[in-house]
Each structure stands twice: as C-alpha cells, then as structure tokens.
Amino acid sequence: MVFKKLLAALAALCFAQAAAADTLVDNVNGYTIGADGRLVRFQAMLVGDDGKVEQLYQRGEKPKRTRYRFDGKGRTLLPGLIDAHGHVMGLGLNALQLDLSDTKSLQEAQAKIAAYAAANPTPRWIIGRGWNQETWGLGRFPTAAELDSAVKDRPVWLERVDGHAGWANSAAMKEAGITATTKSPSGGQIEMARGQPTGIFVDAASSLIDKVVPPALPRTRDQALDRAQEIMLSNGLTAAADMGTSPDDWLVMRRAGDDGRLKVRIIAYGSGVESALAIAGTRPTPWLYGDRLRLVGVKLYADGALGSRGAWLKQPYRDSPGTRGLSFVTETELLNIMSRAAMDRFQVAVHAIGDAANAQAIGAIEELANTYKGDRRWRIEHAQIVDPADLARFGRNGIVASMQPVHETSDWRMAEARMGMDRLGGAYAWRSMIANGSPLAFGSDFPVESPNPFPGLAAAISRQDPEGQPPGGWLPEQRVSLEQALAAFTRGAAYAGFAEDRIGSLEKGRWADFILVDRDIFDVPTPRQLRETKVVETWIAGRKVWPN
Ligand SMILES: [Zn+2]
C-alpha cells in the first residue's frame, strides 16, 4: 500500500514537472475557429512541453505557474494558415528559376530571358514560367521565333502562368524531335500555323518537351524545398496539401525530414495512382517526422484550365465556338482510376475546372460512393465553373470543395469572355458551397498564384481584385464572411486532408502552430488592409521557426 502511494506521489511530481515546462503564450489578441465554425477569442495560450495546445485563457484568467512565458505584446495571433492546394516543389523550383510573372509585354519578357541566359550559363536548358499573353495585351500566343530572338543557342522552355501551356524555342523543339508531322497527344494540343508548330504546347502536349528536359539535380531539389518552406513560413503558412507529389518529390521531402530540415507540414497527394502506389505501397502512409509529412491520397485530372481553353465545358466557349475544351479521361477511365485509388483507401482529389468536368467528377463520386463506403472525403480541386444545377450535388455527397479565392479575382474578366455571364451562375461559388453543406477548403494553387493567404482572405470577402475591381465585387452574392474564409484556410483545409485531429485550430491536443501578424484582421475596415497583412512570426509545434 505504501509503495503504491509512493508511486502515485512520484507520478504526481513528474506530472507537475512536465506541466512546469509548459510555455504560456501571453498577452495576445488571439483568434481561432471553433468546432461550430465560429470565431473563438483568447488572451493567452498554454503550450505543453510536447508542442501541443493545453488550454486557452480569456482575459483575467491565468494558469497557476508555467516555466516559460512569451509576451505577445498584444499582437494578433492566428492559427497557422493551411493551403489546401499548392505545389510545394513547384514553389521552390519556381523561386530558383526564371520568373516572367512580372513582365508587362512580350518585349520586356524577351529582354528578361536574354539577361537570365547571360547570367546563368548553366544548366544548359533555360527553364522558366509565369508568362501570360493576356497581361502582355498580345491577343495571341507568343511564338518560337520570338523566343529565338532572345535565346537561340540553348533550349528554352517556359511554362504559362496557369501551368496549362508551354512556350518552347526552336532549339528546345529540335531536342524534343518536334516537326510539322508530330501528332498532338490526347488531352493536348500542339499549336500550328501554316503547317508548322508555333512553339506553344497546350496541356498534355507539354509532356512532349517536358520529357526531354534534364531533371533537376538532387541538390537543386533540396535547395528548392528549403526555399519553398521559407516562402511558406514568411507568408504565415504552417501546412499545405501538396497536389501532385511525384516519387522524386517524396524523396526530397523524406531527405528533409531525415535531416531535420522539414519545418512545415505537408499533406501529400500522389501525382496519379502510380505515384501514390510507388510512394506508399497499398495504403496511405502514417504521419512522419512529428506529423510533418504524410501521403494521404491521389491527385487526378478531369480537364485543363480556363485560360488556355482547356477547361471542359458543357457548351462551346463563347470566344471560341469551335471548342468545348479538353476532357482528359472518359467516364469509364475516370471511374477505373478513382476505383483503383479508393480500393487502397487513398483519398481522391480530382482537378475539375469546367462545368462538364465538374459534372463528370461528381457523377463518378456518386457512383463510387456506393461501393467505397465510410469517411472518404472525396475532393474536387478548383470547382471553378459549376453548373448551378450541379451545386447541390456537392453537399449531398459531402464532396470537399477545394477552392482558391485568388483565382476568382485573377480570372473574372477572362471567365466572362470565355463563357458570358449567363453561364456563370455557379462560378467560384463559395457561398453556395457552404449553403449546400459542402466542406469548403481554401488555398492558393501556389505557385500559380502567390502563396500569401491574405490576398486570398481579402478576395474571399470582397470578390474584388487588388485594384478594387469590379466595384461592389464580382457576383457579390458568393462572398463569404472573414470568419468563414479563415475557417476554410484553417479547419476546413485540415479537414480536407484528414488532419483536423492534429492541426487547423488552437484547442487542447492540437499542435501549437500559429502566427503573429501586424494587425487585427477582424478590425480592419477595408479588403486592402486585410490583403496587406504582414506576418511577424511563425511558430510550429510551439517553437518559433520564422524568422530565424
Ligand atoms: Zn494545382
């Protein structure tokens, strides 16, 4: 009996010591989203020795004693933001490559390409991205000849801003063996003029050039992941879903984890079923490195993008009546691939932008849900243009709508041109998704758009671009509240990746992943002030990781 009492006393002492090592994050203007989707406010947060939240405190309340106290100096504290749809390696590699996203004309782009070539004699291939003929006011795609005039002696291959078209120079086409007789692959288009390839490769046709580009060296790829993490952390992102992880990407992430360089949390979706199987075998991986890495599902494609008219529509494009876009897979093919993934309990995330692609993806989910029961959290990525008649099917089937508010503010003019307002009743329909009971997750699709989530939050509540256009917002009935937008960037994004038991909210048992920002986002009068919010510090698992 005495021995038992002694043990109990000893246990109590150990517990007291563990509790004493806790950190009180004190004197903050704290916000998180509660289980009911409502805003929760707090003034202090107790973080356990294990890096997880112990308790939140309101004004006046305090824990009895803690070993460490961090003074937040009254700053606003938010849960670490989670991007529900990004491309982590793409973000890092992009940051290391030629970036044309700031060019305002073809001439400016040509000058920048030539200067980059001169400054970077190796590697031989010049790879870049970010061009957009719409911003250049060109009214057509650029040509290989126009690229040759910048760089002739080395292959150049430049991805369009949306990732759905590529621009090659003559040297790149020569190395890829592209001639006047090369056939466009299914799901893609080699642009032709007067019987010759113009240098533009749309959607699946990009693979004709991609496959001859020498792969980035492992060292470069490690650098890219480090760079991507710094960019994410500096923007207040503590986690992201990586939409299309290749086995090689996975190795880079594992190396970082093994080396202790993995700071952010990555919820990975294999790039197609083959990648998921190669990475994880026959089921999702466990969480690795203290809940920093897991492969949970598979990313699939039903169509292309609106900018390149690759989005698959129910009716022809208004500004190109000869086409309805590109369907990447037949109904049977999609069912087979999704079934193959679901059989091994991989979560399925289908890219669908056009209304026909969304209808196809929803139809496949409805059919498969009869066979693959339980908590599957079928995801549709982007869900940009949905036939209003199909909106309720999202909620009915519990389909996660994984959407990117900044796409709306970047695309609204183009969407009107491509389809006309009368067909856009279900376009970027965030509020309808919530109203229909669909779990909503927000992201940015970085590096297609900036990974900074604050422009996303501003777009979500205003449906106005950074210039404040259009006045009053585009289809303003689809605006959401800031509370709903923050929920979609935190709890919603965590739920979308089967991670809500670990991250997405600051409550007992969840990781203490949080950020301090330079303003009270719930007390700013304009979307502009929300958009311009700056991250001051980023913490993961109760430790400050940025700036370091
Ligand atoms: Zn994407």
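The shown structure was predicted, so the numbers you read here are calculated from the model rather than taken from an experiment.

What follows concerns the confidence of the model for the chain. Mean pLDDT for the chain: 94, with 96% of residues reaching 70 or above. Contacts of residues 10–20 to residues separated by more than four positions or lying in other chains number four contacts, the stretch itself having pLDDT below 50.

Right, let's talk about the sheet that holds strand β16 (residues 265–271) for a bit. One open sheet accounts for eight strands, arranged β8-β15-β16-β17-β18-β19-β20-β21; its pairing is parallel. The open sheet terminates on both sides in strands that have one partner only, identified here as β8 (81–86) and β21 (440–442). Averaged over all adjacent pairs, the angle separating strand axes in this sheet is 25°, with direction ignored. Direction of pairing for strand β15 (residues 237–245) relative to β16: parallel, over a ladder of six bridges. Directly across from M243, in β16, lies its bridge partner Y269. Across the sheet, helix α9 (residues 272–280) lies against β15, β16 and β17 (293–301), angled at about 165° from β17, the strand it touches most.

Under the defined criterion, the tally for this structure stands at 34 salt bridges. Two residues, R265 and D513, come together in a salt bridge whose shortest N-O distance is 2.6 Å. Placement of the pair is R265 in strand β16 and D513 in the loop between α17 (491–496) and β22 (514–517), with a sequence separation of 248 residues. Here the two residues R265 and D513 agree in accessibility, since each one is buried. Between D319 and R418 there is a salt bridge, and its shortest N-O distance comes to 2.7 Å. With D319 in the loop between β17 and α10 (331–343) and R418 in helix α13 (residues 405–419), this pair connects stretches of sequence that are 99 residues apart. Assessed through its relative accessible area of 29%, D319 is described here as partly exposed. What makes R418 buried here is its relative accessible area of 3%.

Before going further, it helps to examine α13. Considering bend angle alone, the principal kink of α13 is centred on D411 and spans about 65°. Within α13, 11 of the 15 residues are buried, which leaves the element mostly enclosed by the surrounding structure. Turning to α13, its buried residues are P405, V406, H407, E408, T409, D411, W412, M414, A415, R418 and M419. Just past α13, the residue G420 takes up positive phi, approximately 85°.

What follows covers the coordination of the zinc ion. The zinc ion binds to the protein through H85 (NE2), H87 (NE2) and D445 (OD), with metal-donor distances spanning 2.1 to 2.2 Å. For the zinc ion, the single-chain donor residues occur in sequence as H-x1-H-x357-D. Taking the relative accessible area as the measure of exposure, H85 reaches 0% and is therefore buried. Look at H87 and you get buried, because its relative accessible area is 18%.

The next thing to look at is α9. For α9, the full list of buried residues reads G272, V273, S275, A276, I279 and A280. Viewed along the axis of α9, the buried residues span an arc of 160°, placing them on a single side of the element. Looking at α9, the residues exposed on the side facing more than 90 degrees away from the buried face are E274 and A278. The positive-phi residue at the C-terminal boundary of α9 is G281, with phi of around 75°.

On to the sheet that holds strand β9 (residues 98–99), then. Strand order in the open sheet made by the six strands is β9-β10-β11-β12-β14-β13, with mixed pairing throughout. The open sheet has two free edges, formed respectively by β9 and β13 (188–193), since each of these has just one partner strand.

It is worth spelling out unusual backbone geometry at this point. Geometrically, the link from F446 to P447 is a cis peptide bond, its omega value of 0° lying close to zero. Its place among the elements puts P447 in the loop between β21 and α15 (453–462). Cis geometry marks the peptide bond from W546 to P547, where omega comes out at -10°. Of note, P547 is situated in the segment after β24 (543–546). Residue R194 is not a glycine yet carries a positive backbone phi of 50°. With respect to the element layout, R194 can be found in the loop between β13 and β14 (196–203).

Conventions and cut-offs
Residues numbered from 1 in each chain as written. Predicted model: local features only at pLDDT ≥ 70, side-chain atom pairs only at ≥ 80, totals over all residues. Heavy atoms only, no water. pLDDT = per-residue confidence, 0-100. Contact = heavy atoms within 4.5 Å. Pairing = 2+ DSSP bridges. Helix = DSSP H or I, 4+ residues; strand = E, 2+ residues; numbered from the N terminus. Axes fitted to C-alpha atoms, helices over the stretch in contact; angles between N-to-C directions. Salt bridge = Lys/Arg side-chain N within 4 Å of Asp/Glu carboxyl O. Buried < 20%, exposed > 50% of the residue type's maximum accessible area, 1.4 Å probe, protein only. Bend = angle between axes of the 7 residues up to and from the residue. Donors = N, O, S within 2.8 Å, 3.2 Å for Na, K, Ca; no water. Arc of directions from axis to C-beta.

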